[in-house]
Amino acid sequence: MLNQLVYKVIEFELLCSIIGPEQVVSWADEQIIASDEPEEVLLDLCVAKAEDKQLKILGSLDASLENEAFELVVMELLKQYESGLLDFFEVANKLLVMHYHSSKLAADTTDFIIWLDDETCLIAEGIKELDPAIANLHKFLAGIVEKHNQSKHADLVKLSPFLFQKSRHLHQSGV
């Protein structure tokens with residue numbers, strides 16, 4: 001049986017466009033082939049070609065793992081941000097999308113994302129400067145990475161080759 005955290009990470013990666021619906025279907029197919037008794041959620045995902053249907057399936061799963069999944073996806077977003085694949089506004093938007101889709105994110109995470117959303121609006125209107133917000137965003141992301149690296153979940157990336165290796169492959173090939 002797959003760890004439920006894997007599903008939550010996939011859900012957030014799908015929300016953030018780190019992966020696409022076709023990768024979810026391929027991954028579900030691979031998991032079904034590798035399993036003697038595949039989980040029902042895998043069967044549902046392999047036939048759900050549309051992103052909204054996949055998100056509905058994944059969203060119906062246990063929400064108690066959202067904070068851990070959020071941390072893992074934030075680590076990927078930070079890598080993309082630092083490598084220049086994403087800019088400040090794209091990262092802020094992806095964090096906001098995860099926040100709106102989530103019900104169990106920690107209060108300090110929610111507070112930061114709401115602040116960040118307000119800041120991006122003020123920056124876009126020319127009322128605030130970008131540099132202080134960039135520094136705060138980087139501090140927030142780096143803090144999550146540091147917290148994750150010290151937690152009991154530090155080896156969760158190894159749960160599924162799909163989680164980060166597939167997304168790195170996509171970005172290396174320019175997708």
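Each remark here, short or long, concerns the structure printed above.
Now for a look at the structure at hand. Predicted model, so just to flag it, every value in this text is computed and none were measured.

So, the packing of helix 1 (residues 4-15) against helix 5 (residues 66-82)
Working step 1: Closest axis-to-axis distance for the helix 1/helix 5 pair is 8 Å, and the angle between their directions is 55°. By the criterion of interaxial angle, the relationship of helix 1 to helix 5 is oblique. In this structure, helix 1 crosses over helix 5, and the sense of that crossing is right-handed. For the pair helix 1 and helix 5, contact is made by Leu5, Lys8, Val9, Phe12 and Glu13 and by Glu66, Glu68, Ala69, Phe70, Leu72 and Val73, respectively.
Working step 2: Its residues placed into classes, the contact of helix 1 with helix 5 shows seven nonpolar, no polar and four charged.

Some words on the nonpolar core
Working step 1: Judged by nonpolar contacts, the single largest core of 51 residues is most densely connected at Leu45, Phe70, Leu95 and Met98.
Working step 2: Elements with a contribution of two residues or more to this core: helix 1, helix 2 (21-34), helix 3 (40-47), helix 4 (51-59), helix 5, helix 6 (88-101), helix 7 (107-124) and helix 8 (130-150).
Working step 3: A total of nine residues in this core trace back to one element, the largest contributor, which is helix 5.
Working step 4: Each residue touching Leu95, except ones within four places of it in the same chain, is listed here: Phe70, Val74, Leu77, Ile113, Leu116, Leu137, Phe140 and Leu141.

Section: the side chain of Glu66
Working step 1: Among the secondary structure elements, Glu66 is positioned in helix 5.
Working step 2: Although buried, Glu66 forms no salt bridge, and the nearest oppositely charged side chain, Lys8, lies 4.2 Å from it.
Working step 3: Discounting chain neighbours no more than four positions away, the residues touching Glu66 are Lys8, Phe12, His101, Ser102, Ser103, Lys104 and Leu105.

Looking at the packing of aromatic side chains
Two aromatic rings, taken as a pair, are described by how far apart their centres are and by the angle between their planes.
Working step 1: Taken as a whole and assessed by the stated rule, the structure comprises four aromatic pairs.
Working step 2: Consider the rings of Phe88 and Phe89, whose centres lie 5.1 Å apart with planes at 85°: the pair is edge-to-face.
Working step 3: The class for Phe88 is buried, based on a relative accessible area of 4%.
Working step 4: Take Phe89: its relative accessible area is 35%, and that puts it in the partly exposed class.
Working step 5: Note on Phe112 and Trp115: the rings are 5.4 Å apart at their centroids and 40° apart in plane angle, and the pair reads as tilted. Residue Phe112 and its partner Trp115 are located together in helix 7, separated by three residues, close to a single helical turn.

What about unusual backbone geometry?
If a residue is not glycine, its phi is most likely negative; likewise, a peptide bond is most likely trans.
Working step 1: Not every positive phi belongs to a glycine, and Ser17 is a case in point at roughly 60°.
Working step 2: Tracing the chain through its elements places Ser17 in the loop between helix 1 and helix 2.

Examining helix 8
Working step 1: Its 21 residues give helix 8 an end-to-end C-alpha distance of 30 Å, which sits within 8% of 30 Å, the value for a rise of 1.5 Å per residue.
Working step 2: Those residues of helix 8 lying buried are Ala133, Leu137, Phe140, Leu141, Ile144, Val145 and His148. Projection of helix 8 onto a plane perpendicular to its axis shows the buried side chains occupying an angular sector of 130°, all on one side. Exposed and facing more than 90 degrees away from the buried side of helix 8 are Asp131, Lys139, Lys147 and Gln150.

Definitions and limits used
- Residues numbered from 1 in each chain as written.
- Predicted model: local features only at pLDDT ≥ 70, side-chain atom pairs only at ≥ 80, totals over all residues.
- Heavy atoms only, no water.
- Axes fitted to C-alpha atoms, helices over the stretch in contact; angles between N-to-C directions.
- Helix = DSSP H or I, 4+ residues; strand = E, 2+ residues; numbered from the N terminus.
- Parallel < 35°, antiparallel > 145°, perpendicular 65-115°, else oblique.
- Left-handed = near helix turned anticlockwise from the far one by under 90°.
- Contact = heavy atoms within 4.5 Å.
- Nonpolar A, V, L, I, M, F, W, Y, C, P; charged D, E, K, R; others polar.
- Core = buried A, V, L, I, M, F, W, Y, C linked by side-chain atoms within 4.5 Å.
- Buried < 20%, exposed > 50% of the residue type's maximum accessible area, 1.4 Å probe, protein only.
- Lys, Arg positive; Asp, Glu negative; His and termini not counted.
- Salt bridge = Lys/Arg side-chain N within 4 Å of Asp/Glu carboxyl O.
- Phe/Tyr/Trp six-rings, centres within 6.5 Å; stacked < 30°, edge-to-face > 60°.
- Expected span 1.5 Å × (residues − 1).
- Arc of directions from axis to C-beta.

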